[in-house]
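Chain by chain, the residues run as shown.
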Amino acid sequence: FNEIPRTYPEPGKTTVYDDKPTIDIENLKTDGGFVLKTLFLSIDPYLRGRMRPPEIPSYVPAFKIGEPLESHGVGVVVRSDNQGLKVGDHLYGMLTHEEYTIHRSFDGFRLLVNEERLPWSVYLGAAGMPGKTAYAGWREYSRCQRGQTVFVTAGAGPVGSMVIQLARLSGLKIIACAGSEEKVEFIRSLGADVVFNYKTTSTQEVLNKEGPLDIYWDNVGGEALDAALSVSAVGARFIECGMISTYNEGPKPVHNLMQVISNNLCMHGFIVFRLERQYDNDFYWNVPQMLGRGELKYSEEVWRGLEKVGDAILANQKGMNRAKLVIKVADE
Ligand code: NDP
């Protein structure tokens, strides 16, 4: 390997390599497993948390230098020596960022039936991990009642947009925000009652006028969390799903935490995979069908090419993505 002369792209330029190695799929050793061709990979905020020194503990392992990144993905079986799978089957699960992968076992994968004929990429967003986060977290922790008021941050992303729609189906008053006019228009189209761009409008002022809040679905932490605490109703539920405003910059002080005591707040954090056993069947039974019938909406942004992963992770962290970000690695 070291003797092969390598060329590297100039910094700031993207080079597309057309001379991809051809793979002799028939002669790969599968040991009774199967070969998966990667079609789509998901770009999610939590990938930032995996970029840390391995000795720092977390709920998800750190990426290892020199090894491929991994994230949720959808692939198609291009060779199978496993009796339960056939060529053409589509699988959803954790995939390394490679064009082809060999798997000895089906464990950890979900066979996608897709009777609704949704684009496969949707199984990484509204019908995938982020949609499931919203679905499971909302059902488990919201204890919502018709007429109550909910505030949702990062409302245009796959988690926030699903929460807004679940809240609408439950008959709540919805306040939601996002970081661009385009995103704000999208969340308006989902049925949110009060929408605003938090970069140009003060969150605190909107909440002072539209609160008190019975539920806060927190995707960002930081100042928004503080503002929500300050206008919480007695007995409000704070669903701590994400704190993206702190992922790069580190923790931020929360000044209004005393409200948890003063207002009998219930603050519940969660990680989606700990709710999967309880909600997976329900989620896959209901959500793809509702998306297929147009009863739930989604929005996604597809970038082409494995070499775009780095830029896409940065864009997601900076809020420069316009919708759920996925990388299209290959056509079928
Ligand atoms: P998105 O695709 O919506 O991307 C994240 C968005 O967050 C950005 O597009 C940006 O939107 C917004 N954002 C970025 N930086 C900031 C900032 N400093 N302040 C406020 N907003 C910011 O994300 P998802 O819908 O996939 O995820 C939403 C949240 O849910 C994240 O915090 C994520 O970590 C969390 N999550 C938690 C899970 C769990 O198991 N608990 C599982 C999945 C996701 P904008 O333009 O609006 O600023």
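Labelled according to an unreviewed UniProt entry, the chain appears under the name N-terminal domain of oxidoreductase, originating from Lyophyllum shimeji.

1. Some remarks on the overall build of the chain
Scanning the chain from terminus to terminus reveals 8 helices and 13 strands. Its C-alpha radius of gyration of 21 Å places the chain within 12% of the 20 Å reference for a compact globule of 332 residues. Based on the C-alpha atoms only, the size of the chain along its principal axes is roughly 65 × 45 × 35 Å. Evaluated residue by residue, the chain yields a buried proportion of 37% over its 332 residues. Across the chain, every contact between residues at least 6 apart in sequence was considered, and the portion connecting residues at least 24 apart equals 66%.

2. Overview of the pairing of strand β3 (residues 90–96)
In this sheet, β3 lies alongside strand β2 (residues 70–80) in antiparallel orientation, the contact comprising 7 bridges. Bridge assignment links G73 to a residue of β3, and that residue is G93. The pairing of β3 with strand β5 (residues 110–112) spans 3 bridges and is classified as antiparallel. When the bridges of β5 are listed, Y92 appears paired with R110.

3. A short note on the sheet that holds strand β11 (residues 266–269)
One open sheet accounts for 6 strands, arranged β8-β7-β6-β9-β10-β11; its pairing is parallel. Either end of the sheet is taken by a strand with one partner, and the two such strands are β8 (194–197) and β11. Pairs of neighbouring strands in the sheet enclose a mean axial angle of 15°, with direction left out of account. Of the strand pairs in this sheet, strand β10 (residues 232–240) and β11 are connected by 4 bridges, and their pairing is parallel. Pairing of I239 across the sheet is with H268, part of β11. Where helix α5 (residues 222–230) meets the sheet, its contacts fall on β6 (149–152), β9 (213–218) and β10, and the angle it forms with β9 comes to roughly 170°.

4. Let's talk about the site of the ligand
The immediate surroundings of the ligand are formed by 28 residues, with G157, V159, G179, G242 and G319 found nearest. Sorting the residues of the shell around the ligand by element identifies α1 (129–141) and α2 (158–169) as the ones contributing at least two each. At 3 residues, the largest contribution of residues to the shell around the ligand is made by α2. Counting the residues that make up the shell around the ligand, at least three belong to each of domain 1 (25–125 + 299–328) and domain 2 (129–273).

5. What about the domain arrangement of the chain?
What the domain assignment reports for the chain is domain 1 (25–125 + 299–328) and domain 2 (129–273). On a C-alpha basis, the centres of domain 1 and domain 2 stand 29 Å from each other. Of the residues lining the interface, 13 residues belong to domain 1; the matching set on domain 2 comes to 16 residues. Residue composition of the side of domain 1 that touches domain 2, by class: 3 nonpolar, 6 polar and 4 charged.

6. Thoughts on the packing of helix α4 (residues 203–210) against α5
Running from N to C, α4 and α5 point in directions that differ by 25°, and their axes come no closer than 9 Å. As the angle between them shows, α4 and α5 are arranged roughly parallel. In the packing of α4 onto α5, the handedness of the crossing is right-handed. Along its contact with α4, which presents T203, Q204 and L207, the element α5 presents E223, A224, A227 and A228.

7. Details of the UniProt feature "domain: Enoyl reductase (ER)" (unreviewed entry) in the chain
Under the present numbering, the feature "domain: Enoyl reductase (ER)" (unreviewed entry) in UniProt falls on residues 49–327. A helix fraction of 29% and a strand fraction of 24% characterise residues 49–327, whose end C-alpha atoms lie 19 Å from each other.

8. Focus on α1
Counted at 1.5 Å a residue, the expected span for α1 with its 13 residues is 18 Å, and the 18 Å between its end C-alpha atoms agrees. Of all 13 residues making up α1, 11 are buried, and the element is well covered by its neighbours. For α1, the complete set of buried residues consists of M129, P130, G131, K132, T133, A134, Y135, A136, G137, W138 and Y141. Among the structural elements, β2, α2, β10, β11, α7 (276–292) and β13 (324–328) are those in contact with the buried residues of α1.

9. Here we look at unusual backbone geometry
In most cases, non-glycine residues show a negative phi, while peptide bonds are predominantly trans. In the segment running from G211 into P212, the intervening peptide bond is cis, with an omega of 0°. Mapped onto the elements, P212 comes out in the loop between α4 and β9. For N114, which is not a glycine, the phi torsion comes out positive at approximately 55°. Residue placement: N114 occurs in the loop between β5 and α1.

10. Notes on helix α3 (residues 181–189)
Among all positions of α3, only K183, V184, F186 and I187 are buried. Across the axial projection of α3, the buried residues extend over an arc of 160°, all falling on one side. Facing away from the buried side of α3, by more than 90 degrees, are the exposed residues E181, E185 and S189. The inward-facing, buried residues of α3 contact α2, β7 (173–178) and β8. At the C-terminal side of α3, G191 shows a positive phi close to 105°.

Cut-off values and rules
- Residues numbered from 1 in each chain as written.
- Predicted model: local features only at pLDDT ≥ 70, side-chain atom pairs only at ≥ 80, totals over all residues.
- Helix = DSSP H or I, 4+ residues; strand = E, 2+ residues; numbered from the N terminus.
- Rg over C-alpha atoms; globule rule 2.2 N^0.38 Å.
- Buried ≥ 20, exposed ≤ 12 C-beta atoms within 10 Å, placed from the backbone.
- Contact = placed C-beta atoms within 7 Å.
- Pairing = 2+ DSSP bridges.
- Axes fitted to C-alpha atoms, helices over the stretch in contact; angles between N-to-C directions.
- Near = placed C-beta within 6 Å.
- Domains from an automatic or database assignment.
- Nonpolar A, V, L, I, M, F, W, Y, C, P; charged D, E, K, R; others polar.
- Parallel < 35°, antiparallel > 145°, perpendicular 65-115°, else oblique.
- Left-handed = near helix turned anticlockwise from the far one by under 90°.
- UniProt positions renumbered as here; feature names shortened; annotations may be inferred.
- Expected span 1.5 Å × (residues − 1).
- Arc of directions from axis to C-beta.

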